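Read off the chains here:
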Amino acid sequence: MNLFMMNIGFGNFVNSNRVIAILDPDSAPMKRLREEARQAKKLVNATYGRRTRSVLITDSNQVILSALQPETIINRMTTYQKKENSNK
């Protein structure tokens, strides 16, 4: 398994192999999840003060907030996977 650090905005990177979900932040369950992660000290805010547009959940139960749209993050992950598969 190769390490791929994916840009989630403003020079912040996350290991894409560890991301298990990319979610919309506006629902009530996501707001509760964000607060629970904050209390458990598992919240990473990578928005630089901008509006939160996506919530990334990792396999280690970290909750990462990003100012990028979920579609943008998915496109970046897909682009990497295509490059990786073409190199094999």
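These numbers come from a predicted model, not from an experiment. (Residues numbered from 1 in each chain as written. Predicted model: local features only at pLDDT ≥ 70, side-chain atom pairs only at ≥ 80, totals over all residues. Heavy atoms only, no water.)

(A) A look at the environment of Arg 53. Within the secondary structure, Arg 53 is located in the loop between strand S4 (43–46) and strand S5 (54–58). Between the alpha carbons of Arg 53 and Glu 84 there is a distance of 27 Å; along the sequence they are 31 residues apart. (Helix = DSSP H or I, 4+ residues; strand = E, 2+ residues; numbered from the N terminus.)

(B) Structural detail: the side chain of Ser 66. Along the polypeptide, Ser 66 turns up in strand S6 (residues 63–66). Engagement of the side chain of Ser 66 in a polar contact is seen with the backbone oxygen of Ile 8, the distance being 2.7 Å. Discounting chain neighbours no more than four positions away, the residues touching Ser 66 are Ile 8, Thr 47, Arg 51, Thr 52, Arg 53, Ser 54, Leu 56 and Ile 73. (Polar contact = N/O pair within 3.5 Å; in protein donor to acceptor, adjacent residues only side chain to side chain. Contact = heavy atoms within 4.5 Å.)

(C) Examining helix H2 (residues 70–86) more closely. Over its 17 residues, H2 extends 25 Å from the first C-alpha to the last, a length consistent with the 24 Å expected when each residue adds 1.5 Å. Buried residues of H2: Pro 70, Ile 73, Met 77 and Tyr 80, and no others. An end-on view of H2 places all buried positions within 100° of arc, on one side of the element. What points out from H2, more than 90 degrees from its buried face, is the exposed set Glu 71, Lys 82, Lys 83 and Ser 86. In this structure, the buried side of H2 is in contact with strand S1 (5–9), strand S3 (19–23), S5 and S6. (Expected span 1.5 Å × (residues − 1). Buried < 20%, exposed > 50% of the residue type's maximum accessible area, 1.4 Å probe, protein only. Arc of directions from axis to C-beta.)

(D) Up close: unusual backbone geometry. The backbone phi angle of Phe 10 is positive, close to 55°, even though this residue is not glycine. Position of Phe 10 relative to the elements: it lies in the loop between S1 and strand S2 (12–15). For Phe 10, a relative accessible area of 39% corresponds to the partly exposed category. We note that Tyr 48 has phi near 55°; this positive angle belongs to a residue other than glycine.

(E) Geometry of the sheet that holds S4. Taking strand neighbours across the sheet as the criterion, the four strands line up as S3-S5-S6-S4 in an open arrangement whose pairing is mixed. Bordering the open sheet on either side are S3 and S4, each of which pairs with just one other strand. The mean inter-strand angle of the sheet, taken between neighbouring strand axes irrespective of direction, is 20°. As judged from the four bridges shared by S3 and S5, these two strands associate in the antiparallel manner. In the sheet register, Ala 21 faces S5, and the bridge partner there is Ile 57. Each of S3, S5 and S6 touches H2; the most contacted strand, S3, lies at about 145° to it. (Pairing = 2+ DSSP bridges. Axes fitted to C-alpha atoms, helices over the stretch in contact; angles between N-to-C directions.)

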